[in-house]
Amino acid sequence: MLTFKRALIAAAVFITMLFLVTRSHPTANTMTVIKDTDSQQDSKEKAGSTPSTPSATPIPDNMVPLSGKKPKNSQQLPLGDFSKAPIRDKLSYQFPYDVESKFPAYIWQTWKYTPASGDFGENFRPAEASWSEKHPGFIHEVITDQVAVHLLRHLYASIPEVLEAYNALPMAVLKADFFRYLILLARGGIYSDIDTHALKSAAEWLPESVPREAIGLVIGIEADPDRPDWKEWYSRRIQFCQWTIQSKPGHPVLREIVANITLETLKRKENGSLKSFKDNKVIEFTGPALWTDTIFDFLNDEKYFDMSTGKGNITWRDFTGMKEAKKVGDVVVLPITSFSPGVQQMGAEDYDHPMAFVKHEFEGTWKPENLRHIGVTTEEAEKKKQQ
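The text that follows walks through the structure, step by step, so that each part is easy to find. (Residues numbered from 1 in each chain as written. Predicted model: local features only at pLDDT ≥ 70, side-chain atom pairs only at ≥ 80, totals over all residues. Heavy atoms only, no water.)

### Concerning the overall build of the protein chain
Here is the rule: Under the DSSP-based scheme used, a helix requires at least four consecutive residues in state H or I and a strand at least two consecutive residues in state E, with every element numbered from the N terminus. Contact definition: two residues touch when any of their heavy atoms are within 4.5 Å. Using a 1.4 Å probe, accessible areas were evaluated by the Shrake-Rupley method; residue-level cover was limited to the displayed protein chains.
The secondary structure content of the protein chain amounts to 12 helices and 11 strands. A fraction of 73% describes how many contacts in the protein chain between residues 6 or more apart in sequence connect residues 24 or more apart. In the form shown here, the protein chain has an accessible surface area of approximately 20,200 Å², with 54% of it arising from carbon and sulfur atoms.

### Considerations on the pairing of strand β7 (residues 217-223)
Here is the rule we go by: For the exposure calls, accessible area comes from a 1.4 Å probe over protein chains only, and a residue counts as buried if that area is under 20% of its type's maximum, exposed if over 50%, partly exposed in between. Pairing between strands is defined by DSSP: at least two bridges between them are needed.
The element β7 is largely enclosed, with a buried count of seven among its seven residues. Pairing geometry for β7 and strand β8 (residues 239-247), over five bridges, is antiparallel. Bridged to Val-218 within β8 is Gln-246. The sheet contact formed by β7 and strand β10 (residues 331-334) spans four bridges and is parallel. Bridging across to β10, Gly-220 finds its partner in Leu-334.

### Section: the nonpolar core
Note the threshold: Throughout this description, the term nonpolar core refers to a set of buried Ala, Val, Leu, Ile, Met, Phe, Trp, Tyr and Cys residues connected via side-chain atoms within 4.5 Å.
Ranked by internal contacts, the top residues of the largest apolar core, which has 61 residues, are Leu-91, Tyr-156, Phe-240, Trp-291 and Phe-319. By residue number, the principal contributor to this core is helix α7 (residues 172-187), which donates 10 residues. If we skip the residues at most four places from it in the chain, Phe-240 touches Ile-219, Gly-220, Ile-221, Glu-222, Pro-288, Trp-291, Thr-292, Ile-295, Phe-296, Phe-319 and Val-333. Core analysis: the second largest hydrophobic core is formed by 20 residues, Val-210, Val-218, Cys-241 and Leu-334 among them.

### A look at the pattern of salt bridges
Formally: Definition used for salt bridges: Asp or Glu carboxyl oxygen within 4 Å of a side-chain nitrogen of Lys or Arg.
One pass over the structure, following the stated rule, counts 15 salt bridges. Here Lys-269 and Glu-164 are joined by a salt bridge, their closest N and O atoms 3.0 Å apart. Taken together, the residues Lys-269 in helix α8 (residues 252-271) and Glu-164 in helix α6 (residues 160-168) connect sequence positions 105 residues apart. Assessed through its relative accessible area of 41%, Lys-269 is described here as partly exposed. One salt bridge in this structure joins Arg-268 and Glu-264, with 2.9 Å as the shortest N-O distance.

### Examining helix α4 (residues 125-134)
Owing to its 3.6 residues per turn, the α-helix brings residues three or four apart onto one side. So the rule is basically this: Each direction from the helix axis to a C-beta atom contributes to the arc, which is the arc of those directions.
When α4 is considered as a whole, its buried residues turn out to be Ala-127, Glu-128, Ser-130 and Trp-131. The buried residues of α4 occupy an angular sector of 150° when the element is viewed end-on, so they sit on one face. At its buried positions, α4 is contacted by β3 (106-110), β4 (139-143), β5 (189-192), β6 (196-198), β8 and β11 (358-360).

### Observations concerning the packing of helix α5 (residues 145-155) against α7
Going by this rule: Angular values range over 0 to 180 degrees, each being the angle between N-to-C directions of two axes fitted as lines to C-alpha atoms, with helices fitted over their stretch in contact. Any angle that is under 35 degrees is reported as roughly parallel, and any over 145 degrees as roughly antiparallel; angles of 65 to 115 degrees are reported as roughly perpendicular and all others as oblique. Put simply, a crossing is left-handed when the front helix is turned counterclockwise from the back one by less than a right angle, and right-handed when it is turned clockwise. Just so you know the grouping, Ala, Val, Leu, Ile, Met, Phe, Trp, Tyr, Cys and Pro go in nonpolar, Asp, Glu, Lys and Arg go in charged, and all remaining residues, Gly too, go in polar.
Packing of α5 against α7 brings their axes to within 11 Å, and their N-to-C directions diverge by 40°. Classified by the angle between their axes, α5 and α7 sit oblique to one another. Viewed along their axes, α5 and α7 form a crossing whose handedness is left-handed. Contacts from Ala-148, Leu-151, Leu-152, His-154 and Leu-155 of α5 reach α7 at Phe-179, Leu-182, Ile-183, Ala-186 and Arg-187. Class assignment of the residues belonging to the contact of α5 with α7 gives a composition of eight nonpolar, one polar and one charged.

### Brief notes about the environment of Val-210
Take Val-210: it is sitting in the loop between β6 and β7. A relative accessible area of 3% means that Val-210 is categorised as buried. Sequence separation between Val-210 and Lys-327 is 117 residues, and the spatial gap between their C-alpha atoms is 8.8 Å.

This is the structure:
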């Protein structure tokens, strides 16, 4: 006879088995498109009803890239051997990655002065304040160059090669690029340039249908130049933006880009080529070109993705012209409208579009004036100056 006690035990065993089975299966080998429901939202908003939540659906068969999988856990290094370990092992050991953790409630920005200083530019105050206004309860820090040095000494004390590389970089923009990767690798959260406005809270960047415990990196499209002369304006056919990034600490993309910059900087320091570094090489050395290459390398890395079931490498063709967010493994790629609204080209919508999350002023203060609005037509640049 089935007693209450036996029924309770049976239920507990069933739930335990279900938990173990679901946790042991790898993620499905698909890329998903997070469907854009702007038209439905607009019509419902006009009617006074609540907008529906976007959902994720499989991408067509001819565009099925590979799904993410966790790499095998590496053996813990003996403390005596740690100083001799490869830098990637050191970074992995010091900043382990847990995709199931929460996105840290940090907002990181860098500038010459803090908002408390009278020297903080008045033109930056509305942009800086927007991040705190849209993210109450977040820790929002504007890090100066002097503070960055001490903060990195604390975070990377056990990996002196990183500190040596950071201090060796000959230009402020190189250090600014490097810092965003370093702080996100160590602490996670959101990094955004000081000339960006938060249009919507990061809580709205991903729809409720996408489980946060399955995502570790959120990035956006910076450029999708579908024009014959795109190489005259951009370094990559699809370029991922790095003026706004959200991540969990320890993400492999961040670990790889930190390792690459560290090793390349120390090599150039040793051969003396850092002294003659040109500012037109920034994009390739630490900027969006390197960032884009590192992301594509990750999406096609057999350590994290099952390459046997895919239909080829993931390339720029999988992201060109996209109007909705796409999920690949633990990475979500947002369309160009999300972090580049209002640029009036490459399919970007305006600032009031439902998918517009961050407004970028494109100040590019480290660049010469003729390079600050790269890819923008003369007519568009003139409009920008008049605003």
